[in-house]
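Okay, here's what each chain looks like letter by letter:
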Amino acid sequence: MIDGKKVLFSGMQATGSLTLGNYLGALKNWVTLSGEYECFYCVVDMHSITIRQDPATLRKRARALLALYIAAGLDPKKNCIYYQSHVSGHAELAWILNCYTYMGELNRMTQFKDKSAKHADNINAGLYTYPVLMAADILLYQADVVPVGVDQMQHLELTRNIAERFNKLYGDVFTIPEVYLGKVGAKIMSLQDPTRKMSKSDENPNGSIYLMDDPDTVMRKCKKAVTDSEGCFCYRPEQPGLKNLIDIYSVCTGQTPADTVAEFEGKGYGEFKVAVGEAVISVLKPLQAEVAKLEKDKAYLDAAIKENAEKAQYYATKTLRKVQRKVGFPDRIR
Ligand code: TYM
């Protein structure tokens, strides 16, 4: 609790081009929840270097991501928006938590398995302990709730296990976080292979809609989206391509999948795909315009980063000192 409010933490990686999945599955919910909680939204640049990055590009993308958070509607005066690398407590707590996490647990992480298969030439220790840094992010702020997409649920479960283990040993140190999943859109699938999630690193660029795609590109990708030959406008797992498009349309227009089915029943897939394209464009256009405006306002972004990093550092240090004491590190002489 901070000032009588429950705490929310979430973050995103500044790698690759963000997709509609990142927006509908996470960022959009962050904005909805932001009034209700004391919020920490982090640009997780330390997680990004588990995969080799070009330094100048990473720096640029991290800043663009921060601008995106604000453009999406997160006011930096009301939400603590900052870079993970600016708050040293993330790395310090991660080290401690590494000593309370079992290799057996990390071996089970599906994202580690996927990423090591994709980057077989660079399976570094950071990639392996990535979920522990994520646990540190969350536990450092005593977060009550963590809004993410379905793909992060396994990491959240591990975070809870680590926290419970630590609390069992040392008393009530950490708040046990709950995961928050949006009712619709928590797993947006690839437009070309609707059995796989929409991903930044998809080799087929038609599978993902990127947040910075122009309207023509968005429309072309939606028209090309894989559906089926059933010819029935139904919302069911047997028609994963159509189901995914219904999810996208529903979240973009703020209605339920049942409303969407009622709206398009008896109409052709072609007509629906155009409507999906239009709905996505109507969400992305204002977002892109706002990002472009913010990226030009260097002074505003710099001030927001500085203030918020100091605030995050304050709360992070509070938890870190408590943890350091519990594990037996000597007190600091003031
Ligand atoms: P990242 O950067 O891969 O994704 C950011 C957020 O977007 C969600 N997401 C999706 N949601 C729905 N459909 C999709 N196709 C889709 N693709 C991505 C993710 O679930 C996530 O919520 N490890 C995290 C970042 C992180 C973090 C944290 C998150 C680091 N520390 C602490 C929460 C709390 C990651 O790589 O997310």
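Quick caveat, the model's predicted, so the values are computed rather than measured.

On to the pairing of strand β1 (residues 7–12). Judged by how many residues are buried, β1 sits mostly within the fold: five of six residues are covered. The pairing of β1 with strand β2 (residues 38–43) spans six bridges and is parallel. Paired with Phe9 across the strands is Phe40, a residue of β2. Considered for its hand, the β-α-β crossover made up of β1, helix α1 (residues 20–33) and β2 is right-handed.

To continue, consider the site of the ligand. Close to the ligand lie 27 residues; Tyr130, Asp137, Gly149, Asp151 and Ile188 are nearest. Take Gln13: an N or O atom from its main chain is 2.9 Å from an oxygen atom of the ligand. In the environment of the ligand, an oxygen atom lies 2.7 Å from a nitrogen or oxygen atom belonging to the side chain of Tyr130. With the chains in place, 97% of the 710 Å² that the ligand exposes on its own is no longer accessible. The cavity where the ligand resides is the largest pocket.

Attention now goes to the domain arrangement of the protein chain. Taken domain by domain, the protein chain holds domain 1 (6–181 + 298–327) and domain 2 (215–293). Tallying the contact residues gives seven residues for domain 1 and nine residues for domain 2. Regarding the contact of domain 1 and domain 2, the summed buried area is about 730 Å², with carbon and sulfur atoms giving 89% of it. Our enumeration of links across domain 1 and domain 2 arrives at zero salt bridges. Elements that contribute at least two residues to the side of domain 1 that touches domain 2 include exactly α1 and α3 (55–71). Among the residues forming the side of domain 1 that touches domain 2, the class breakdown is six nonpolar, no polar and one charged.

Further remarks concern the packing of helix α4 (residues 89–98) against helix α13 (residues 298–327). It is the contact of α4 with α13, at a shortest axis distance of 11 Å, that shows an interaxial angle of 25 degrees. Regarding the angle of α4 to α13, the classification is roughly parallel. Pair α4 / α13 crosses with left-handed handedness. From α4, Gly89, Glu92, Leu93 and Ile96 reach across to α13, where they touch Leu320, Val323, Gln324 and Val327.

Here we come to the packing of helix α6 (residues 110–118) against helix α7 (residues 125–140). One can describe the packing of α6 onto α7 by two numbers: an axis separation of 10 Å at closest approach and a directional angle of 160 degrees. Classified by the angle their axes make, α6 and α7 are roughly antiparallel. The two elements α6 and α7 meet at a crossing, and its hand is right-handed. Across the interface between the two elements, Gln111, Phe112, Lys115 and Ser116 from α6 touch Leu127, Tyr128 and Tyr130 from α7. Taken together, the residues of the contact of α6 with α7 break down into four nonpolar, two polar and one charged.

Let us look at helix α11 (residues 257–264). Taken as a whole, α11 has its buried residues at Pro257, Thr260, Val261 and Phe264. Projection of α11 onto a plane perpendicular to its axis shows the buried side chains occupying an angular sector of 100 degrees, all on one side. Of the residues in α11, the exposed ones pointing more than 90 degrees away from the buried face are Ala258 and Ala262. For α11, the elements touching its buried residues are α10 (240–253) and α12 (269–296). At the exit of α11 stands Gly266, carrying a positive phi of roughly 85 degrees.

Leu27, Tyr69, Ile248, Phe272, Val280 and Leu284 are the most contacted members of the largest nonpolar core, which has 62 residues in total. The element that contributes the greatest number of residues to this core is α12, accounting for twelve residues. Residues from two domains meet in this core; each of domain 1 (6–181 + 298–327) and domain 2 (215–293) gives at least three. The next biggest cluster of nonpolar side chains, apart from the first, holds 45 residues, and it includes Val44, Val132, Leu156 and Ala316.

Let's shift gears to the packing of aromatic side chains. Think of a pair of aromatic rings as described by two things: how far the centres are apart, and how the planes are tilted against each other in angle. Per the stated rule, a full pass over the model turns up 17 aromatic pairs. Of the aromatic side chains, those joined through ring pairs into one cluster are Phe9, Phe40, Tyr82, Tyr141, Tyr314 and Tyr315. Taking the ring centre of Phe264 as reference, the NZ or CZ of Lys267 above it sits at 5.6 Å. Positioned above the aromatic ring of Phe40 is the side chain of Lys311, whose terminal nitrogen or guanidinium carbon lies 6.0 Å from the ring centre.

Scanning the model with the defined rule gives one disulfide in all. Here Cys232 connects covalently by a disulfide to Cys234, the sulfurs 1.9 Å from one another. Its S-S torsion of about -45 degrees marks the bond between Cys232 and Cys234 as left-handed, since a negative value means left-handed. Of all cysteine sulfurs, the one in Cys80 lies closest to Cys42, which takes part in no disulfide; the gap is 8.8 Å. Cys252 supplies the cysteine sulfur nearest to Cys222, a cysteine that is in no disulfide, at a spacing of 8.7 Å.

So, how was this worked out
Residues numbered from 1 in each chain as written. Predicted model: local features only at pLDDT ≥ 70, side-chain atom pairs only at ≥ 80, totals over all residues. Heavy atoms only, no water. Buried < 20%, exposed > 50% of the residue type's maximum accessible area, 1.4 Å probe, protein only. Helix = DSSP H or I, 4+ residues; strand = E, 2+ residues; numbered from the N terminus. Pairing = 2+ DSSP bridges. Right-handed = clockwise from strand over helix to strand, strands pointing away. Near = heavy atom within 4 Å. Polar contact = N/O pair within 3.5 Å; in protein donor to acceptor, adjacent residues only side chain to side chain. Areas by Shrake-Rupley, 256 points an atom, 1.4 Å probe, with all protein chains shown as cover. 1 Å grid on protein atoms, 1.4 Å probe; cavity = no way out; pocket = protein on both sides within 12 Å on 5 of 7 lines; lining within 4 Å. Sits in = over half its atoms within 2 Å of the grid points. Domains from an automatic or database assignment. Contact = heavy atoms within 4.5 Å. Buried area = accessible area lost by both parts, 1.4 Å probe. Salt bridge = Lys/Arg side-chain N within 4 Å of Asp/Glu carboxyl O. Nonpolar A, V, L, I, M, F, W, Y, C, P; charged D, E, K, R; others polar. Axes fitted to C-alpha atoms, helices over the stretch in contact; angles between N-to-C directions. Parallel < 35°, antiparallel > 145°, perpendicular 65-115°, else oblique. Left-handed = near helix turned anticlockwise from the far one by under 90°. Arc of directions from axis to C-beta. Core = buried A, V, L, I, M, F, W, Y, C linked by side-chain atoms within 4.5 Å. Phe/Tyr/Trp six-rings, centres within 6.5 Å; stacked < 30°, edge-to-face > 60°. Lys NZ or Arg CZ within 6 Å of the ring centre and 35° of its normal. Disulfide = S-S within 2.5 Å.

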